[in-house]
Amino acid sequence: MKYKILVTLIFTLIILQSCSKDDDINNVANGINKIGNKQTTGSSANDILSDTKFKSIIIEMVYVEGFEPTANAIDSFKNFISTTCNKPEGITVIKKSIPSLGDTEYTIEEIADIEETNRTKYNNGQQIAIWIFFADGKSDKDDNVTVVLGTAYRNTSFVIFEETVRSFSNSPFEPNRSLLEATVINHEFGHLLGLTNFGTDLQSPHEDPEHPRHCNAASCLMYWEAVSPSGLNGFLNGSSPPQLDAQCIADLRANGGK
Ligand SMILES: [Zn+2]
Ligand SMILES: [Zn+2]
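The structure reproduced in this document is the subject of the present report. Every chain is numbered independently, its residues counted from 1 as its sequence is written. Going through the entries in the order they are written, you letter the chains from A and number the ligands from 1. Owing to the predicted nature of the model, reporting of local features is limited to residues with pLDDT of at least 70; listing and counting of side-chain atom pairs is limited to 80 or more, with chain, interface and lining totals taken over all residues. Just so you know, side-chain values use all the structure's heavy atoms and leave hydrogens and water out.

## Some words on the pairing of strand β9 (residues 146–154)
Short version of the rule: Buried residues are those whose accessible area, probed at 1.4 Å on protein chains only, stays under 20% of the maximum for their type, while exposed residues exceed 50% and partly exposed ones sit between those limits. By the criteria applied, helices consist of DSSP H or I runs no shorter than four residues and strands consist of E runs no shorter than two, each listed in order from the N terminus. At least two DSSP bridges between two strands are needed for those strands to be called paired.
Within β9, eight of the nine residues are buried, which leaves it mostly tucked inside the rest of the structure. Two elements, strand β1 (residues 8–13) and β9, share six bridges in a ladder whose sense is parallel. Paired with Thr8 across the strands is Thr146, a residue of β9. In textbook terms, the turn of a hairpin is the stretch between consecutive antiparallel strands, and for β9 and strand β10 (residues 157–160) this stretch comprises two residues.

Okay, here's the thing in structure tokens:
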């Protein structure tokens, strides 16, 4: 437990190669075209934020048995979507568990493979689909000084390292689990919304030069880290996750958001 005092909890963004037209054959099956959901993180920001193309949103949450996110975190996430995105025909969340693959550590390529095997919802008509996987292991990027809580890796996909989230919550001097879960989910979703300066243009200069694609306001949801563990308690000092600051909200509004 002692090492925890030294580590920094971070949220990351890894850019997986997007699919090209050449991949059409592999990505169209049974009338489902997966291409629209295999693009670069941030590239669908306007589609998620506005109601121009998509009037509703479906969130497919898949978790390894025993690693289900809390109901409070899901409620908080739905609330975050409804306050940032224009989806007049509604927000739907579906959940499903899968058995453990027995891995203790995951590369983002392995996470993408799990998505390939288990994802059932893709953009369809006027509904845009988002995939979230809750892993039973840690990120291969973890080391002695930084620990990854979640990673956005495509335009509609991100992973929460739920086992790591659990190991840093619900103990003395640690935040409540649902609060930490909601913070990581909302932050990674913020990357799908194009924050910060990655798919959604800046309306004011607030990208952190030392931590690109993150906001420079330490109280903002899109700050790059949640310092642990006492700092995490400071960051997560309310009953709800950190909010977006005014600069991030202005960016989203200029790109079709609420
Ligand atoms: Zn981030
Ligand atoms: Zn911000």
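## Some words on the coordination of the zinc ion (ligand 2)
What counts here: Only nitrogen, oxygen and sulfur atoms count as donors, using a 2.8 Å cut-off from the metal that widens to 3.2 Å for Na, K and Ca. Water is left out, so coordination shells may look unfilled. For four-coordinate sites, all angles between 85 and 135 degrees define a tetrahedron; for four- and six-coordinate sites, opposite donors beyond 155 degrees with the remaining angles between 65 and 115 define square planar and octahedral shapes respectively, and all other cases count as irregular.
At 2.1 to 2.3 Å from the zinc ion (ligand 2) lie its protein donor atoms, namely Cys215 (SG), Cys220 (SG), Asp245 (OD) and Cys248 (SG). Taken together, the four donor atoms surrounding the zinc ion (ligand 2) define angles of 100 to 116° at the centre, an arrangement classified as tetrahedral. Coordination of the zinc ion (ligand 2) draws on donor residues from a single chain, spaced C-x4-C-x24-D-x2-C in sequence. Judged by its relative accessible area of 0%, Cys215 falls in the buried class.

## Describing the pattern of salt bridges
Put simply, the test is: Salt bridges are defined by distance alone: a side-chain nitrogen of Lys or Arg within 4 Å of a carboxyl oxygen of Asp or Glu.
One pass over the full model with this rule turns up nine salt bridges. Across the pair Arg154 and Glu115 runs a salt bridge whose closest N-O atoms are separated by 3.5 Å. Linking Arg154 in strand β9 with Glu115 in helix α4 (residues 108–118), this pair joins segments that are 39 residues apart in sequence. Residue Glu115 is classed as buried on the basis of its relative accessible area, which comes to 3%. Through salt bridges that share partners, Lys34, Lys38 and Glu116 make up one connected network.

## A word on the pairing of β10
By the alternation rule, side chains of β10 split into Ser157 and Val159 and Phe158 and Ile160, which are all buried. Relative to β10, strand β7 (residues 127–134) runs parallel, the two sharing four bridges. What sits directly across from Phe133, in β10, is Val159. Two strands pair when backbone bridges link them, and β9 and β10 are joined in this way by four bridges, in the antiparallel orientation. Within β10, the position partnered with Thr151 by the bridge is Val159.

## Some details on the coordination of the zinc ion (ligand 1)
Each protein donor to the zinc ion (ligand 1) is listed here as His187 (NE2), His191 (NE2) and His214 (NE2); together their distances run 2.0 to 2.1 Å. Accessibility expressed as a relative area gives 0% for His191, which makes it buried. In this structure His214 comes out as buried when scored by relative accessible area, which is 6%.

## So, the packing of helix α3 (residues 71–84) against helix α6 (residues 177–192)
Selection criterion: Inter-axis angles, ranging from 0 to 180 degrees, are taken between N-to-C directions of lines fitted to C-alpha atoms, where helices are fitted over the stretch in contact. Less than a right angle of anticlockwise turn of the near helix away from the far helix marks a crossing as left-handed, whereas a clockwise turn marks it as right-handed. Contacts were defined at the residue level, with two residues in contact if any of their heavy atoms lie within 4.5 Å. For this scheme, ten residues count as nonpolar: Ala, Val, Leu, Ile, Met, Phe, Trp, Tyr, Cys and Pro. Four count as charged, namely Asp, Glu, Lys and Arg, and the remainder, Gly too, count as polar.
At a minimum axis separation of 8 Å, α3 and α6 run at an interaxial angle of 35°. By crossing handedness, the relation of α3 to α6 is classed as right-handed. Residue-level contacts link Asn72, Ala73, Ser76, Phe77, Phe80 and Ile81 of α3 to Ser178, Glu181, Ala182, Ile185, Asn186 and Phe189 of α6. Of the residues that constitute the contact of α3 with α6, the class distribution is seven nonpolar, four polar and one charged.

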